Amino acid sequence: MKINLSKLCSGTAVSAVLLCGAPMLSAQTNMENVYSTYPAYNGTDLELKVDNQGTHFTLWSPQAQAAQVSLYDTDRNSPSTAVLEMIKSDNGTWRASVPAQLYGKFYTFRIKYNGKWLDETPGVWAKAVGANGRRAAIIDFSTTNPIGWETDKGPEVKNITDVIIYEMHHRDFSIHPSSGITNKGKFLALTEQGTRSLLGDKTGIDHLKELGITHIHILPSYDYNSVDETQLPSNVYNWGYDPYNYNAPEGSYSTNPANPATRIMEMKQMIKALHDAGIGVIMDVVYNHTANNDDSNFSLTAPGYYYRHRQDGSYSDASGCGNETASERQQMRNYIVNSVKYWAEEYHIDGFRFDLMAIHDTETMNEVAKTLKQVNPHIFIYGEGWTCGDTPLPVERRALKENVAKMEGIAVFSDDLRDAVKGHYSNGENKGFATNAPGNKETVKIGIVASTAHPQVDYSKGNNSKFAYATAPTQIINYVSCHDDYSLTDKLHVSMKGASEDEMMRAARLAQTIVFTSQGTPFMFAGEEVFRDKKGIHNTYNRPDSVNAIDWTLKNKNAEQFAYYCELTKLRKAHPAFRMTTAEAVAKHIVFDDVKGENLISYSIKDNANGDEWKEIKLVFNGSKEPCEVKIKKGEWIVIAQDGQLKADGMGTTKGGKMTVAPTSALILARVK
Ligand code: CA
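Residues numbered from 1 in each chain as written. Predicted model: local features only at pLDDT ≥ 70, side-chain atom pairs only at ≥ 80, totals over all residues. Heavy atoms only, no water.

Draft legend 1. Quick peek at the overall build of the protein. On a plain count of helices and strands, the protein comes out with 16 helices and 28 strands. Computed over C-alpha atoms, the radius of gyration of the protein comes to 26 Å, within 12% of the 26 Å expected from 2.2 N^0.38 for 673 residues, which places it in the range of a compact globule. The C-alpha extent of the protein, read off along each of the three principal axes, is 85 × 55 × 45 Å. Within the protein, buried positions represent 64% of all 673 residues. Within the protein, contacts between residues at least 6 apart in sequence are counted, and of these 72% link residues at least 24 apart. For the protein, the computed accessible surface area is about 23,000 Å², with 50% contributed by carbon and sulfur atoms. For the protein, the separation between the mean place of its 71 positive charges and that of its 79 negative charges on side chains is 4 Å. (Helix = DSSP H or I, 4+ residues; strand = E, 2+ residues; numbered from the N terminus. Rg over C-alpha atoms; globule rule 2.2 N^0.38 Å. Buried < 20%, exposed > 50% of the residue type's maximum accessible area, 1.4 Å probe, protein only. Contact = heavy atoms within 4.5 Å. Areas by Shrake-Rupley, 256 points an atom, 1.4 Å probe, with all protein chains shown as cover. Lys, Arg positive; Asp, Glu negative; His and termini not counted. Charge placed at Lys NZ, Arg CZ, Asp CG, Glu CD.)

Below, the structure written as structure tokens:
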């Protein structure tokens, strides 16, 4: 995520620099002491429950002097039909009930605090909302399920390393006129079968199946603040890292934001269609900050409590977006845990990606992992192991990538591999291993072994991290680009000035070959398989569709690039050797060769690693502009990749010996005995 700050949110610099957590001082310490006296409430009936006795409202607001519920007939622009006084109840809650099931009605809360009535709020637990989410809705959730929902489930995932992640924004993926999709920019786009581009190539869900990814990671799809849902024809674009209602889907991705059930039904239909296609759905969650400060739903129900502050009382801002939440406080921790649990149970979400995860504490993240595994043992969790600015949370408690050893069952993005392969994320012209820059070899090796301890990897030479921070490859997500920063295509355009498009596509193939063959879990940004770009723009969070949309005619133009990516997913899925699950196995089976050259890496995955049918896999990466000669042990080798081509089933054989590795390419060989 990155909104306000342009250079600080993608890792390294911040996670390294911040090893000096500021202690909390007096004024704020006093508030901490007050907050710690608030009783937490962990009931699942918070805010709204409808049963045979009627409709029940329960607001957690320990500081309130009074609290009310206002009822409405419509989602906006109508007067309240009733105002209910709430009664102070147990564990910081206030309650009110109506002896009728108020399905179809809307409601808001407001509290009296320091002698004043604050603004109305839909609360923090609104699960259904109208347009722009200003009023919460009372609906019967049993009517929102698509046919077959009771038996719907995502793919079974034994280990996260078996997953191939495809990160996409709803509009990017379907909005372009060439997509051939009817429900452009909507949840429903991913329910359409048989869609084709203007040039006849598969698009939409058919494209995902053809590519062979296992999971899509959808950018924020809860109700966010920045897009006016009452003005859909002029819909503006936003990534959605500005949370408003955490527990309801975003309205602009539905066909009718004013009808609270529509967005819920359509998101479920999308998930069902993907599950039916064997594809899992990972949701990007942003509990680390809210779009607003004093007028956020958190602030209007429990002023101050959910946020961290500086010693002068101002909002602390580790998110770079104006505030940061306080996961270490019990009710906030409960909130995060219960919210992801809700998405997993109600929407059958298969995985969660935590934005700026290091703003949260490790105890909360462990609670998240434990709770989700109880809901569904196939769920997995990963996150950005950094913050975007300093935080009062002590370094040792932050869910940093450097602390991932304290978080079993959680993975972090490897900025190590990312920056070493393609060049630094914030310096556009900076090159990496795959584009012939020196100084990255050892860091690429750190990526290959998934930041686990390996006798042939010297962490003191690591560019970003200086120690083996992962306890297992299951804790690492490998990537060379995502929605943040330049897309891989744009990065290559900026850093390879003067090179031909063919040379850039070659560099992209080498970079992704390193990602897909490294230990850990591969992650790719939607559209890279057709060499999509973002018009050379670094931070596109609020740029129009003309910048962010994937032009699907590229699939025809760059058909060879797409074919290469299909072979990469096929290779990885067919060979468990790339998907080892323990650090011990990686240290035992991966053997690096001593080869000269800053941009040459050669290694073997030996002895039928992880039960692979291949006895040995030899991988040589040449990131230089010159051909390199390597000595391959004599034997019966199948050629898997050579000179910018890759075939998972092989493309001929070789006896080994002296072999030439073409510039900017991977040589991959395999032998069965
Ligand atoms: Ca919204």
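Read on for the rest.
Draft legend 2. Expanded view of the sheet that holds strand E1 (residues 49-51). Spatially, 4 strands are ordered E1-E2-E6-E5 in an open sheet, and the strand pairing comes out antiparallel. Of all the strands in the sheet, the pair left with one neighbour each is E1 and strand E5 (87-88). Of the strand pairs in this sheet, E5 and strand E6 (residues 93-98) are connected by 2 bridges, and their pairing is antiparallel. Residue Ile87 lies in a different strand from E6, and its bridge partner there is Arg95. (Pairing = 2+ DSSP bridges.)

Draft legend 3. Summary view of the packing of aromatic side chains. This structure, assessed with the given rule, holds 39 aromatic pairs. Between Tyr166 and Phe173, the ring centres sit 6.1 Å apart and the planes meet at 85°, which makes this aromatic pair edge-to-face. For the pair Tyr166 and Phe173, a shared accessibility class is recorded, and that class is buried. A ring pair is formed by Phe467 and Tyr469, whose centres lie 6.3 Å apart and whose planes are at 70°; its orientation type is edge-to-face. By relative accessible area, which is 1% here, Tyr469 ends up buried. Above the face of the Phe562 ring, Lys555 is positioned so that its terminal group lies 4.3 Å from the ring centre. A cation sits over an aromatic face here: Arg671 above Trp637, 5.5 Å from the ring centre. (Phe/Tyr/Trp six-rings, centres within 6.5 Å; stacked < 30°, edge-to-face > 60°. Lys NZ or Arg CZ within 6 Å of the ring centre and 35° of its normal.)

Draft legend 4. Highlighting the side chain of Ser70. Inspection of the secondary structure assignment puts Ser70 in strand E3 (residues 66-72). If sequence neighbours within four positions are ignored, Ser70 has contacts with Ser80, Ala82, Val83, Phe106, Tyr107, Thr108 and Glu120.

Draft legend 5. Up close: the confidence of the model for the protein. For the protein, the mean per-residue pLDDT works out to 95, and 96% of the residues sit at or above 70. Below pLDDT 50 for its whole length, residues 12-25 participates in 32 contacts with residues either more than four positions away or in separate chains. (pLDDT = per-residue confidence, 0-100.)

Draft legend 6. Highlighting the pairing of strand E11 (residues 215-218). Side chains of E11 alternate between two faces, with His215 and His217 and Ile216 and Ile218 buried alike. Taken together, the 4 bridges between strand E10 (residues 165-168) and E11 define a ladder with parallel strand orientation. Bridge pairing in E11 places Ile165 opposite His215. Across 4 bridges, the pairing between E11 and strand E14 (residues 280-285) is parallel. Along E14, the bridge assignment pairs His215 with Gly280.

Draft legend 7. Summary view of a negative patch on the surface. Together, Asp119, Glu120, Asp294 and Asp295 make up a negatively charged patch on the protein surface. You can see Glu120 is positioned in the loop between strand E8 (116-117) and strand E9 (136-137). (Patch = residues over 30% accessible without salt bridge, like charges linked within 9 Å, V, L, I, M, F, W, Y side chains within 5 Å. Salt bridge = Lys/Arg side-chain N within 4 Å of Asp/Glu carboxyl O.)

Draft legend 8. Molecular detail of the pairing of E14. E14 sits mainly inside the fold: 6 of its 6 residues count as buried. The alternating pattern of E14 places Gly280, Ile282 and Asp284 on one face and Val281, Met283 and Val285 on the opposite face, and all of these are buried. When E14 meets strand E15 (residues 351-354), the two strands line up parallel, connected through 4 bridges. Counted as the bridge partner of Ile282 is Gly351 from E15.

Draft legend 9. How the structure looks around the sheet that holds E11. Spatially, E10-E11-E14-E15-E16-E17-E18-E19 is the arrangement adopted by the 8 strands of the closed barrel, whose pairing is parallel. Each strand of the sheet is rotated relative to its neighbour by a mean of 30°, with strand direction disregarded. Looking at chain direction, E10 and strand E19 (residues 521-525) are connected through 3 bridges and run parallel. Residue pairing in the sheet places Glu167 in a bridge with Phe525 of E19. Sheet strands in contact with helix H5 (residues 260-276) are E11 and E14, and its direction is about 135° off that of E14. (Axes fitted to C-alpha atoms, helices over the stretch in contact; angles between N-to-C directions.)

Draft legend 10. Broad picture of the side chain of Asp172. Tracing the backbone shows Asp172 in helix H3 (residues 170-174). Residue Asp172 is classed as buried on the basis of its relative accessible area, which comes to 4%. Separated by 2.5 Å, the side chains of Asp172 and Tyr237 make a polar contact. Side-chain polar atoms of Asp172 contact the side chain of Arg532, separated by 3.3 Å. For Asp172, the contacting residues outside a window of four places in its chain are Tyr237, Phe525, Arg532, Asn548, Ala549 and Ile550. (Polar contact = N/O pair within 3.5 Å; in protein donor to acceptor, adjacent residues only side chain to side chain.)

Draft legend 11. Quick look at unusual backbone geometry. Its identity as a non-glycine residue notwithstanding, Asn91 has a phi of 50°, on the positive side. Along the chain, Asn91 turns up in the loop between E5 and E6. Although it is not a glycine, Asn114 sits at a positive phi angle of roughly 50°. When you line up the elements, Asn114 lands in the loop between strand E7 (106-113) and E8. When its relative accessible area of 61% is taken as the criterion, Asn114 is described as exposed.

Draft legend 12. Spotlight on the pattern of salt bridges. In total, this model carries 37 salt bridges according to the counting rule given. Across the salt bridge formed by Asp545 and Arg171, the nearest N and O atoms sit 2.8 Å from each other. One end of the pair, Asp545, is in helix H13 (residues 545-548); the other, Arg171, is in helix H3, and 374 residues separate them in sequence. Between Lys618 and Asp593 there is a salt bridge whose closest N-O contact spans 2.7 Å. One end of the pair, Lys618, is in strand E22 (residues 616-622); the other, Asp593, is in the loop between strand E20 (590-592) and strand E21 (600-605), and 25 residues separate them in sequence. Of the residues examined, Lys618 reaches a relative accessible area of 7% and is grouped as buried. Asp593 sits in the partly exposed class, given a relative accessible area of 29%. Look at the salt bridges and you will find they share partners, linking Asp284, Arg353, Asp355 and Glu384 into a network.

Draft legend 13. Structural detail: the environment of Asp350. Tracing the sequence through the fold places Asp350 in the loop between helix H7 (330-347) and E15. For Asp350, a relative accessible area of 4% puts it in the buried group. Expressed as a C-alpha distance, the spacing of Asp350 and Gln475, which sit 125 residues apart in the sequence, is 17 Å. If near-sequence neighbours (up to four positions away) are discounted, Asp350 is found in contact with Gly154, Pro155, His215, His275, Gly280, Val281, His378, Ile379 and Phe380.

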